[in-house]
Amino acid sequence: MFEVFFTKEQRSLQREAQDLVKWVPRQLILDMDDEKITFPKEWIEESGKRNLLAVRVPKQYGGRGLKWVDEFVIMNEVTKLGVPLACVFGITSLVSEVLSTFGTEAQNEKYLRPLVAGKVWAGEALTEPRGGSDFFGATTNARKEGRNYVLSGQKRFIVGAEGADFFIVYAVTNPGAGRDSLSTFIVERDMGVEVKHVYGLMGSRGTGTGRIIFREVRVPEENLLGKENEGAKIFYKMMVPERMAGAVGGSRAILEIAARYANRRKAFGQTIRNYEAVSFRIAECVTKLDAVSALAYAVARTIDEGVGTAGYQRRLVSELKKLATQTQWEVANEAMQILGGIGYTRVFPIERAVRETRLLQIWTGTNDIQNLIIQHEYYKEILAQVSEDRNIEADVTLTEEEAEEEKVYE
Ligand SMILES: Cc1cc2nc3c(=O)[nH]c(=O)nc-3n(C[C@H](O)[C@H](O)[C@H](O)COP(=O)(O)OP(=O)(O)OC[C@H]3O[C@@H](n4cnc5c(N)ncnc54)[C@H](O)[C@@H]3O)c2cc1C
């Protein structure tokens, strides 16, 4: 994010976020990484108290009615705390997005308002043991019985499986109908959700990630979110905040640790920043982080102002998710390389960043899935448009007829 563009209000928001970040006890981060803490409830409560969770939610439900560019100002600070705390913070934002868009007045009063205030926390349950990428192949199902839906099936890798008060769950209500087969439900933990297993995660620990099981869980019909069989609409809306991964504050902080180290550490009688192998690594990283920030800013404004088609927006959001997470992984690795052996220890927080950052390219739709979306939307755009621009393809030595003769495609 380019701070030079910040408005006065955004600078003040940044200071609020910085204060929140300073509030976080160091021990909380360490205990989460060591899995001594299952879920950081106090973090959510404090963020909610300061009204920094889900700032894009309308004021009528306790949010601040702000925009994506504002949320990035906050996320750039929050990501300095590492992936797990940023994740539980961010999930409130994305669940709020779908509740405020599709929820009824009663649902919003019951679930959205306390969520924004940090009094409750929600998980999102999409991925199933049989696969996460093939979302529309979900098998968790919901059958209607009187005024209830009865849910059966399971979801895995759910952040907050241990810790969430309710879940946004996708289940099949119209089998065999592809994208029209799913409905979305607000399922309270106390309705009978069972937590089966917490994994030995490589990093990003302390967020209560686990498997949730529905054995004939009865969900009242008023907890259907949106319309029956229109889960796809909610999914597509949810994927925008889910993938707005352009906040690179954490990676900037990691890079700065490496740059300061290189400025002091000596080898062969010189500080190592004098070696191009080191200083060019820093140059590459900071260039890429700035490129991501510029893209993030552009994408945020595109979404805020509703520019372009839904497909165009989807492409940009996927590009940002891919580039930001790829860059964050590269920066963490390069930082570790610059620190040498000591980077591979717990003397510096780089090793934690490497473990945590690896996840970013896998979750919220793997980067392969982002590539699928990007190329799909790009082809749709270029093949649909009749270009009125200069025809660059004709700027060759051959005449148009001669060139045509040589252009053999099959
Ligand atoms: C710590 C953690 C937290 C998570 N939190 C949540 C959460 O809160 N809620 C939630 O719902 N999910 C969550 N996830 C799940 C995550 O989103 C999925 O793991 C991810 O979407 C990939 O699904 P999968 O693991 O089933 O892999 P698969 O879908 O089995 O994919 C395996 C590999 O095949 C590739 N692949 C699959 N299909 C294609 C294709 N068509 N083209 C090209 N490549 C393809 C994938 O890119 C991947 O490399 C979390 C995961 C982890 C590890």
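Residues numbered from 1 in each chain as written. Predicted model: local features only at pLDDT ≥ 70, side-chain atom pairs only at ≥ 80, totals over all residues.

## Overview of the site of the ligand
Stage number 1. Around the ligand, the surrounding shell holds 23 residues, and the nearest of these are Leu126, Gly132, Ser133, Thr366 and Asp368.
Stage number 2. Taken together, the elements giving at least two residues each to the shell around the ligand come down to β1 (122–125), β3 (148–158) and α12 (367–384).
Stage number 3. In the shell around the ligand, the residues fall into eleven nonpolar, ten polar and two charged.
Stage number 4. Inspection of the shell around the ligand shows a minimum of three residues originating in each of domain 2 (125–229) and domain 3 (244–384). (Near = placed C-beta within 6 Å. Helix = DSSP H or I, 4+ residues; strand = E, 2+ residues; numbered from the N terminus. Nonpolar A, V, L, I, M, F, W, Y, C, P; charged D, E, K, R; others polar. Domains from an automatic or database assignment.)

## A short note on the environment of Val193
Stage number 1. Inspection of the secondary structure assignment puts Val193 in the loop between β5 (182–188) and β6 (194–198).
Stage number 2. In this structure Val193 comes out as buried when scored by C-beta crowding, with 25 C-beta atoms within 10 Å.
Stage number 3. On a C-alpha basis, the gap between Val193 and Ile392 in space is 59 Å, while along the polypeptide they are 199 residues apart.
Stage number 4. Excluding its chain neighbours within four sequence positions, the residues that come into contact with Val193 are Phe167, Val187, Ile212, Phe214 and Val217. (Buried ≥ 20, exposed ≤ 12 C-beta atoms within 10 Å, placed from the backbone. Contact = placed C-beta atoms within 7 Å.)

## Notes on unusual backbone geometry
Stage number 1. Positive phi, normally seen in glycine, also occurs at Phe157, with a value near 60°.
Stage number 2. Phe157 sits in the partly exposed class, given 19 other C-beta atoms within 10 Å.
Stage number 3. Positive phi values are uncommon outside glycine, yet Asn229 reaches one of about 65°.
Stage number 4. You can call Asn229 partly exposed: it has 16 C-beta atoms within 10 Å.

## Side note on the pairing of β3
Stage number 1. Inspection of the sheet shows strand β2 (residues 141–145) paired to β3 by five bridges, in the antiparallel sense. Counterpart to Ala142 in the pairing with β3 is Leu151.
Stage number 2. Connecting β2 to the antiparallel partner β3 that follows it, the hairpin turn spans two residues, and Gly146 within it adopts a positive phi of roughly 60°.
Stage number 3. Of the strand pairs in this sheet, β3 and strand β7 (residues 210–220) are connected by eight bridges, and their pairing is antiparallel. (Pairing = 2+ DSSP bridges.)

## Here we look at the domain arrangement of the chain
Stage number 1. Assigned domains within the chain: domain 1 (3–121), domain 2 (125–229) and domain 3 (244–384).
Stage number 2. A straight line from the C-alpha centre of domain 1 to that of domain 2 covers 23 Å.
Stage number 3. Taken together, the contact pairs 23 residues of domain 1 with 17 residues of domain 2.
Stage number 4. Those elements that place two or more of their residues in the side of domain 1 that touches domain 2 are α2 (26–33), α5 (83–102) and α6 (105–116).
Stage number 5. The element contributing the most residues to the side of domain 1 that touches domain 2 is α5, with eight residues.
Stage number 6. Looking at the side of domain 1 that touches domain 2, its residues break down into 16 nonpolar, three polar and four charged.

## Quick word on the packing of helix α1 (residues 8–23) against helix α4 (residues 68–78)
Stage number 1. α4 packs onto α1 with a crossing angle of 30° between their chain directions and a minimal axis gap of 9 Å. Looking at the two axes, α1 sits roughly parallel to α4. Crossing hand, α1 versus α4: right-handed. Facing Gln10, Leu13, Gln14, Ala17, Gln18 and Val21 of α1, the residues of α4 in contact are Asp70, Val73, Ile74, Glu77 and Val78. (Axes fitted to C-alpha atoms, helices over the stretch in contact; angles between N-to-C directions. Parallel < 35°, antiparallel > 145°, perpendicular 65-115°, else oblique. Left-handed = near helix turned anticlockwise from the far one by under 90°.)

## A word on α1
For an α-helix, the turn length of 3.6 residues means that residues three or four places apart are oriented alike.
Stage number 1. With 16 residues, α1 ought to run about 22 Å at 1.5 Å a step, and its terminal C-alpha atoms sit 23 Å apart, in line with that.
Stage number 2. Of all the positions in α1, only Leu13, Ala17 and Leu20 are classed as buried. Buried residues along α1 cover an arc of 55° about the axis, so they all sit on one side. Away from its buried face by more than 90 degrees, α1 exposes Lys8, Arg11, Ser12, Arg15, Asp19 and Lys22.
Stage number 3. Buried residues belonging to α1 abut α3 (41–49) and α4. (Expected span 1.5 Å × (residues − 1). Arc of directions from axis to C-beta.)

## Focus: the nonpolar core
Stage number 1. In this structure, Ala122, Leu151, Phe167, Phe185, Val187 and Ala335 are the most contacted members of the largest nonpolar core, which totals 103 residues.
Stage number 2. The element best represented in this core is α5, accounting for eleven residues.
Stage number 3. Residue contacts for Val187: discarding those within four places in its chain leaves Leu151, Phe166, Phe167, Val169, Val193, Val217, Val219 and Asn223. (Core = buried A, V, L, I, M, F, W, Y, C linked by C-beta atoms within 7 Å.)

## Details of the environment of Thr79
Stage number 1. Mapping Thr79 onto the fold places it in the loop between α4 and α5.
Stage number 2. Each C-alpha atom, one on Thr79 and one on Val21, is 9.1 Å from the other, the two residues being 58 residues apart in sequence.
Stage number 3. The residues touching Thr79, leaving out its near neighbours within four places in the chain, are Ala86, Ala247, Gly249 and Gly250.

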